[in-house]
Amino acid sequence: MKQMNKNNQFRHSFFGRSPAASRRGRALRGFSPCLAAADRLAPPLQSLTQPQAERSRAFPAPLAQCQPEHFESVLYAAPSRTFTSLPCMHKRKARHSQALPSYRKILFHFLRFTLHFSTALLLFIGGCQRSPREASPIMNLNTQALPVKTFIAKEEEIQTQLESYGNISYVRKADITVSVEGTYENLLYEEGDRVRAGTLVARLSNVQLNIQLAQAKAAITSSEAGLELAEAALDEGRRQVEARLLGLAKSALEIEQKQRELEELERTKSDQQALFEVGGVTESALRSAELTYMSAATDLALLEKDLEIRRIGFRDQDILSHNFPLPAKSNEKERTALLIDINTRTLQAELDAAQSRLTSAKTQLESAQALIDELSLESPISGIIGTRNPEVGEKASPGDSVYTVFESGEVHAVFPVQEADAIALGRGMTVNISIDAYPNEEFSAAIDRISPIVSPQSGNVTVRALLPNRRGRLQPGMFARVRVNTGAPHQGITIPLSALIEKREEEGTLYTVRGGRAFIKTVSLGRQTDGRIEITDNLDAGEIVIDEPSPLLREGEELSLEE
């Protein structure tokens, strides 16, 4: 009796009376098919403890229902399930304790546990080594066809197009900059405002320039007075020269008169000498005649010397010394004018200097006025204010940018194309442009410029298409999608890019459907347009192509087609 109690205690503690064993038993009730399959692999042992009919009722599921994902759970939970989850063990009927002695039961259950454990381990290893697609035919009996989306390849008219991306740019731009120092007094426009050419957009102030303007005006007044004085001096000098010329003529006449008088005195002296010799006159009378003659001769010599002195500057050699040709002697008027100019050259130089001072003063005034004018900034072109940099009251330095004005009547769509594609483009070709800001509208432009320079980094050529913008809707910087028709339409097959499994430079792979199964095909690729790509070889019209193939799809797999 004691031995039986010990055996019962052992069974209770080892085979299922413990709470942990009960939990393991409940956990394994879902894996009955797996255990049933294991039981059927060892019928002689199971027949020792349980009739075949009872086993069939306990484990009716076939081996195919035993899924590989159950094996790990069976591996860890099999010991408790083996001894506690069977109906005979749950009920613990008395006949089990009476069928065999206690040690034989222990040995039997140990062998049965070992067999179940080994079977579960083998099944688990076999399930891990096989992928679901490589499982045995028994496990694929219930596999269903994979649904896929397909389309039929068709020939259609294809327009050869060149696609690119670019942006809207200005045709003309003008930066309104500061030329002189000053302070921003008024900024009359804001960003986005429209202006016309010549419109006043800003005004600066500069006190120093106002002072310079006043000084220039004063210098002009002083120079004008100096010029008037120099002109008067020149006129006076010319009159003085004329007077000197007249004085020279008078002296020449006086000398001629003195010469005639001297000749008369000489005859008188000769007569007195003759009379003295015959005793007709006294010696004193002769001496008096001689003295008178000598006095007249001296006066004549003095007049001649004086005339020679006064003729300095009016001589022929003076004319020649100033590099002027001698006028004809008969042309006294030309000679007089030339002599006046020669003898008033200093006064003329003073007049020229005064004129220069006046011109300089006027230049300073114009410069000051120009600088004052630069304080008022005007727009050089008609367009839209793009940027405004300063604020009222800030200091301005030469070169500072105040506004940037973009011409708004026309804009450029600027886009790059590959060097090989640029050969097909020409000036005047039509360009269709889509702007993201206006998704339901397409704009038409014409190629205006093609850059002659190829970028060494990208191999691209920059193209500019001229685009009307009378309403000013297109703004510089907008993103543009560009399409250019580069050739005549032709027949061909195009497919969505989503149908390609892999895309290389000139080849791609896709799935076609034959006999309800998927097959991989390599095709030659052409130009790509609007999310579609042209197939140039190895795909015929009428073939069924899988669109958006699943990454789990494998070649040869049975398919369920969807249009």
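Residues numbered from 1 in each chain as written. Predicted model: local features only at pLDDT ≥ 70, side-chain atom pairs only at ≥ 80, totals over all residues. Heavy atoms only, no water.

### Focus on the overall build of the protein
For the protein, the count of helices and strands is 15 helices and 23 strands. The buried share of the protein, reckoned over its 563 residues, is 34%. Nonlocal contacts in the protein, meaning residues at least 24 apart in sequence, comprise 74% of its contacts between residues at least 6 apart. Of the roughly 33800 Å² of accessible surface on the protein, a fraction of 52% belongs to carbon and sulfur atoms. (Helix = DSSP H or I, 4+ residues; strand = E, 2+ residues; numbered from the N terminus. Buried < 20%, exposed > 50% of the residue type's maximum accessible area, 1.4 Å probe, protein only. Contact = heavy atoms within 4.5 Å. Areas by Shrake-Rupley, 256 points an atom, 1.4 Å probe, with all protein chains shown as cover.)

### Concerning the environment of A445
With respect to the helices and strands, A445 occurs in strand β14 (residues 438–450). Residues A445 and N432 lie 13 residues apart in sequence; the distance between their C-alpha atoms is 6.5 Å. Not counting the four nearest positions on each side in its chain, A445 is found in contact with M429, T430, V431, I433, A465, L466 and L467.

### Here we look at helix α10 (residues 207–278)
Here α10 spans 105 Å end to end across 72 residues, near enough to the 106 Å set by a 1.5 Å rise per residue. Regarding α10, its N-cap is N206, as a side-chain oxygen of that residue lies 3.0 Å from the backbone nitrogen of Q208 further along. Looking one or two residues past α10, G279 carries a phi angle of roughly 85°, positive in sign. (Expected span 1.5 Å × (residues − 1). Polar contact = N/O pair within 3.5 Å; in protein donor to acceptor, adjacent residues only side chain to side chain.)

### Details of the packing of α10 against helix α11 (residues 283–310)
In the contact formed by α10 and α11, the axes pass within 8 Å of each other and the chain directions differ by 160°. The angle between α10 and α11 falls in the class roughly antiparallel. Crossing of α10 over α11 shows left-handed handedness. Class assignment of the residues belonging to the contact of α10 with α11 gives a composition of 15 nonpolar, six polar and ten charged. (Axes fitted to C-alpha atoms, helices over the stretch in contact; angles between N-to-C directions. Parallel < 35°, antiparallel > 145°, perpendicular 65-115°, else oblique. Left-handed = near helix turned anticlockwise from the far one by under 90°. Nonpolar A, V, L, I, M, F, W, Y, C, P; charged D, E, K, R; others polar.)

### Concerning the pairing of strand β16 (residues 479–485)
The pairing of strand β3 (residues 161–170) with β16 spans seven bridges and is antiparallel. Bridge assignment links S164 to a residue of β16, and that residue is V482. With five bridges connecting them, strand β13 (residues 430–435) and β16 associate as antiparallel partners. Bridge pairing in β16 links V431 to V484. (Pairing = 2+ DSSP bridges.)

### Structural notes on the packing of α10 against helix α13 (residues 332–343)
Closest axis-to-axis distance for the α10/α13 pair is 9 Å, and the angle between their directions is 125°. In terms of their interaxial angle, α10 and α13 are classed as oblique. Considering how the two elements wind past one another, α10 and α13 form a crossing that is right-handed. Contact residues: R238, V241, E242, R244 and L245 in α10; T336, L339, I340, D341 and N343 in α13.

### Description of unusual backbone geometry
Outside of glycine, negative phi angles account for most residues, and trans bonds account for most peptide bonds. If you check the backbone angles, N323 has positive phi at about 65° while not being a glycine. With respect to the secondary-structure elements, N323 resides in the loop between α12 (316–321) and α13. Classification of N323 as exposed rests on a relative accessible area of 70%.

### Details of the sheet that holds β14
In space, the six strands of this closed barrel follow the order β3-β12-β15-β14-β13-β16, with antiparallel pairing throughout. Mean inter-strand twist for the sheet, computed between neighbouring axes without regard to direction, equals 40°.

### Quick look at a nonpolar patch on the surface
Together, L107, F110 and L111 make up an exposed nonpolar region whose accessible area comes to about 310 Å². Its location among the elements puts L107 in helix α9 (residues 102–129). (Patch = residues over 30% accessible without salt bridge, like charges linked within 9 Å, V, L, I, M, F, W, Y side chains within 5 Å. Salt bridge = Lys/Arg side-chain N within 4 Å of Asp/Glu carboxyl O.)

### What about the nonpolar core?
In this structure, I168, V431 and I433 are the most contacted members of the largest nonpolar core, which totals 23 residues. Counting only elements with at least two residues in this core, the list comes to β3, β12 (410–418), β13, β14, β15 (460–468) and β16. Excluding anything up to four places from it in sequence, V431 contacts F415, F443, S444, A445, I447, A465, V482, R483 and V484. Listed in part, the 22 residues of the second largest apolar core include L209, A368, I372 and L377. (Core = buried A, V, L, I, M, F, W, Y, C linked by side-chain atoms within 4.5 Å.)

### With respect to the side chain of R335
If you trace the backbone, R335 turns up in helix α13. A relative accessible area of 16% means that R335 is categorised as buried. Among the polar contacts made by the side chain of R335, one reaches the side chain of D316 at a distance of 2.5 Å. Those residues in contact with R335 that sit more than four places away from it in its chain are F314, R315, D316, I319 and P327.

### What about the packing of aromatic side chains?
On inspection of all chains with the given rule, the structure shows three aromatic pairs. Aromatic side chains Y170 and F406 sit 5.2 Å apart centroid to centroid with 40° between the ring planes, which places their arrangement in the tilted category. Taken as a pair, Y170 in strand β3 and F406 in strand β11 (residues 401–406) lie far apart in primary sequence, 236 residues in all. For Y170, a relative accessible area of 30% translates into the label partly exposed. The class for F406 is buried, based on a relative accessible area of 18%. Summarising the aromatic geometry, the rings of Y438 and F443 are spaced 6.0 Å apart at their centres and angled 65° between planes, so their arrangement reads as edge-to-face. Directly above the ring of Y438 sits R473, whose terminal nitrogen or CZ lies 4.2 Å from the centroid. (Phe/Tyr/Trp six-rings, centres within 6.5 Å; stacked < 30°, edge-to-face > 60°. Lys NZ or Arg CZ within 6 Å of the ring centre and 35° of its normal.)

### Observations regarding the sheet that holds strand β4 (residues 173–177)
Reading across from one edge, β4-β11-β9-β6 is the order of the four strands in this open sheet, with antiparallel pairing throughout. Edge positions in the sheet fall to β4 and β6 (194–195), since each of these pairs with one other strand and no more. In this sheet, β11 lies alongside β4 in antiparallel orientation, the contact comprising five bridges. Its bridge partner being in β11, I176 is matched across the sheet by Y403.

### Section: the pattern of salt bridges
Close approach of charged atoms allows side chains of opposite charge to pair. Under the criterion given, the structure shown has 21 salt bridges. The shortest N-O distance in the salt bridge between D341 and R238 comes to 3.0 Å. Note that D341 is positioned in helix α13 and R238 in helix α10, a separation of 103 residues in sequence. Its relative accessible area of 38% is what places D341 among the partly exposed residues. Judged by relative accessible area, R238 falls into the partly exposed class, the value being 28%. Here E261 makes a salt bridge to K258, at a shortest N to O gap of 3.9 Å. One end of the pair, E261, and the other, K258, are both in helix α10, three residues apart, so they sit about a helical turn from each other.

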